[in-house]
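Descriptive structure summary
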Amino acid sequence: MMRRIVAVVLLGEPALTDPFGAVAAAAELAGSGRAEAILLARPEDAEAAAAQAAREGAAEITLVTDSGLSDPPQPEHWLELLAGLLAEDARGMLLLLPGGAVGEELAARLTMRLDAVPLGRCGRIVEDGARLIAHRAAYGGRAELVLETGAPRCIATMRRPAAPPKPAADPVIRRADLAIPFAADAPRPEVLPAAADRPKRVDAARIVVSGGRGMGGPEGFALLRELADMLGAATGASLPAVDAGWASVSQQVGQSGAFVAPDLYLAVGMSGTPQHLAGIAPHSRIAAINSDPEADIFRVAEVGLLAPWQEVLPRLIATLRDG
Amino acid sequence: MQVVVLLAGVVDPKWRLDRLGLRPGTELADESGLPRRLSPFDEAALETALKLRDADPAVRVTAVLPGDVGSDALLRGVAAFRPDRAFRFDTSGLAPWDPRAAVRLLGLAVGAACGCPDLVLMGREFGDCDDGVLPAALAEAQGWRFCGLAHAVAIADGRFVAHRIRGPREELLRLPPPALVSITNDRGNRLRHPLMKNVMLAKRGPVEVVTPQAGAIPRAVVARSLAVVPPPQRGAGACRILSGPVDAQVAELAAYLRARRQAAAP
Ligand SMILES: Cc1cc2nc3c(=O)[nH]c(=O)nc-3n(C[C@H](O)[C@H](O)[C@H](O)COP(=O)(O)OP(=O)(O)OC[C@H]3O[C@@H](n4cnc5c(N)ncnc54)[C@H](O)[C@@H]3O)c2cc1C
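Residues numbered from 1 in each chain as written. Chains lettered and ligands numbered in written order. Predicted model: local features only at pLDDT ≥ 70, side-chain atom pairs only at ≥ 80, totals over all residues. Heavy atoms only, no water.

Looking at the packing of aromatic side chains
Residue and element names in this part refer to chain A. Tallied over the entire structure, the rule returns one aromatic pair over all chains. Look at Phe 221 and Trp 246: their rings are 6.1 Å apart centre to centre, the planes differ by 40 degrees, and that puts the pair in the tilted class. Within this pair, whereas Phe 221 is found in helix α5 (residues 218-231), its partner Trp 246 is found in the loop between α6 (239-243) and β13 (264-268), the two being separated by 25 residues in sequence. Taking the ring centre of Phe 259 as reference, the NZ or CZ of Arg 159 above it sits at 4.0 Å. (Phe/Tyr/Trp six-rings, centres within 6.5 Å; stacked < 30°, edge-to-face > 60°. Helix = DSSP H or I, 4+ residues; strand = E, 2+ residues; numbered from the N terminus. Lys NZ or Arg CZ within 6 Å of the ring centre and 35° of its normal.)

In structure tokens:
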């Protein structure tokens, strides 16, 4: 018997920018009519979400509501809900959670609760009879690892595939109203008040202006922020720029940072390492300012300006201000 | 207070990976000739542990590096930071692909460091083949409290106070021991420099190796292949490098950015 391919949607999770991405991935993987979606939501959000899941290709939709879910929901509560829902279900399945910190943490923890096999952040999964062949990046995106498992229960995270999803015409919708108690002693995060100068969220921006080690100090980043403001953009950074304290942890883009999918990514003073590029959606256009003609960033950019940023940014800001 | 820091090491990311694969007939990655170093997240986890000890001398730091003999140089580098104990947890001949098996081994590694740790620290990703599964799965398997992707940890009133940024929010979690916190890089946790005297001492000193008493660990995942891949193709192909006087190039880039701003406008 073929295993179920089930995507999870965590509605109302503020850290997710593409909550339905895993549904589109499940629909592509499973082929038409087979992908299922489990939607976890507060009751008021549920109906619209079911329609959206069908547009993303889910043929069977389970709407799980829990009026006890707080706003925003606690990750520990997501975990309890999913574990409660799936623990008794002995059927073979591949569960897909959305990419990003929350989906990845849940996926990993859930595997232990469900006695499942974690496959990690997969680029592609293929069914080979009862077995799954999972393709994953390794060694900082420089290598590809192909894993094989026959385990009946597997859990992975996947992002939205490039091809648009085929909507499901006539989805079967089931409803489950749960009241899973949220352990009183589970740690609840205290949300700190947002600082007035908090950077604009990088993973939701249409344009990202990003700086790397080549910025050399905070002054260059101040110019990047000025430029970003003029373009309505968010400011991103590479890992060394975050390490240096020129940008905040939330601005780090890459395999170990935010995944961004802007229309334009302007990369300034960064070399274009695979670890960094892994955080930029393949369809995003890249423009680059770099003083080294050999920099790898020019291999992936569509427009490049070969000069030190010190000669470019002040002029660029002045030109944009004038017109 | 027992703090265990699990370190993975990575192949130096600056090194060109020309050939990387599985050793013929095995599932072991052939990394021969490739230098290993701590990953930025290993470094951040180690620095976090050392900072906790700086703040409270009752904290005892044990650094554990799973690996084979090829990791001994790295372990000496770690020993130069003077954790209270540093050892290699011998994983020779074991393929790391099955995360559940890896979690079992890491649990044994922590057990070899101390019976009941108060805090286990790991980088947000554990080595070259993990994308963040192992810290969360290990915590869950052991029944420890978990906080992922913290950039700072302190101790207050017997609890670990972890700071993290998740989506639009900066959060603070107070975890009672035992807890596992995975660490992401930040300016505040850049690894200090070791004293030269301690580097020399660590170079000369013995390396402690602990061999797991694991028995056979069941595995459900096998590696079919491991291969170097070129970076994915992007865009239309060749990059248009702007030319002419700098002012003309800047004007052209400004026009391009204006057009993109217009296209991106809602
Ligand atoms: C496990 C692991 C995970 C990682 N995850 C990430 C991640 O998520 N994100 C990430 O970014 N990195 C990550 N890294 C780090 C990664 O390997 C690189 O170190 C990093 O991406 C390099 O950042 P960079 O391009 O800013 O710096 P560099 O590679 O040093 O490049 C600096 C560039 O600036 C240019 N430059 C210098 N001066 C000027 C000037 N005046 N004007 C214009 N250009 C100038 C140089 O020509 C050069 O191209 C990770 C590493 C590891 C081991």
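Observations regarding the sheet that holds strand β3 (residues 60-65) of chain A
One open sheet accounts for 10 strands, arranged β9(A)-β3(A)-β2(A)-β1(A)-β4(A)-β8(A)-β5(A)-β6(A)-β7(A)-β14(B); its pairing is mixed. Unpaired on one side and paired on the other, β9 (172-177) of chain A together with β14 (221-228) of chain B mark the two borders of the sheet. The mean angle between the axes of side-by-side strands here comes to 30 degrees, regardless of whether they run parallel or antiparallel. Contacts between helix α1 (residues 21-30) of chain A and the sheet are confined to β1 (4-10), β2 (35-41), β4 (93-98), β5 (117-128) and β8 (153-158) of chain A, with β1 of chain A contributing the most and set at about 170 degrees to the helix. (Pairing = 2+ DSSP bridges. Axes fitted to C-alpha atoms, helices over the stretch in contact; angles between N-to-C directions. Contact = heavy atoms within 4.5 Å.)

Examining the site of the ligand
Around the ligand sit 28 residues, and of these Arg 213, Ser 238, Ser 271, Thr 273 and Asn 290 of chain A come closest. This site is not confined to one chain, since residues near the ligand come from chains A and B. A distance of 3.0 Å is found between an oxygen atom of the ligand and a backbone nitrogen or oxygen belonging to Leu 239 of chain A. At 2.8 Å from an oxygen atom of the ligand is found a side-chain nitrogen or oxygen belonging to Asn 290 of chain A. Alone, the ligand offers 980 Å² of accessible surface; in the complex the protein occludes 85% of this. Looking at the shell around the ligand, the elements with two or more residues in it are α6, α7 (274-277) and α9 (309-322) of chain A together with α1 (40-55) of chain B. Counted by class, the shell around the ligand contains 11 nonpolar, 15 polar and two charged residues. (Near = heavy atom within 4 Å. Polar contact = N/O pair within 3.5 Å; in protein donor to acceptor, adjacent residues only side chain to side chain. Areas by Shrake-Rupley, 256 points an atom, 1.4 Å probe, with all protein chains shown as cover. Nonpolar A, V, L, I, M, F, W, Y, C, P; charged D, E, K, R; others polar.)

Remarks on the environment of Ile 207 of chain A
Its place among the elements puts Ile 207 of chain A in strand β11 (residues 207-211). With 57 residues separating them along the chain, Ile 207 of chain A and Leu 264 of chain A place their C-alpha atoms 4.9 Å apart. Ignoring sequence-local partners within four residues, the contact set of Ile 207 of chain A consists of Leu 231, Ala 233, Ala 234, Pro 262 and Leu 264 of chain A together with Arg 260, Arg 261 and Ala 264 of chain B.

Re the domain arrangement of chain A
Residues and elements named next belong to chain A. By domain assignment, chain A separates into domain 1 (4-177) and domain 2 (202-322). Here the C-alpha centroids of domain 1 and domain 2 sit 32 Å apart. With seven residues of domain 1 at the contact, the number on the domain 2 side is six residues. When the two sides are added together, the surface that domain 1 and domain 2 hide from each other amounts to roughly 530 Å², 51% of it contributed by carbon and sulfur. Interface area lost by domain 1 to domain 2 is led by Thr 17, Gly 140 and Arg 159, which between them contribute 66%. For the interface between domain 1 and domain 2, the tally reads zero salt bridges. At the boundary of domain 1 with domain 2, the tally comes to one residue pair in polar contact (both at pLDDT 80 or more). Here the residues of the side of domain 1 that touches domain 2 are counted per class, giving one nonpolar, three polar and three charged. (Domains from an automatic or database assignment. Buried area = accessible area lost by both parts, 1.4 Å probe. Salt bridge = Lys/Arg side-chain N within 4 Å of Asp/Glu carboxyl O.)

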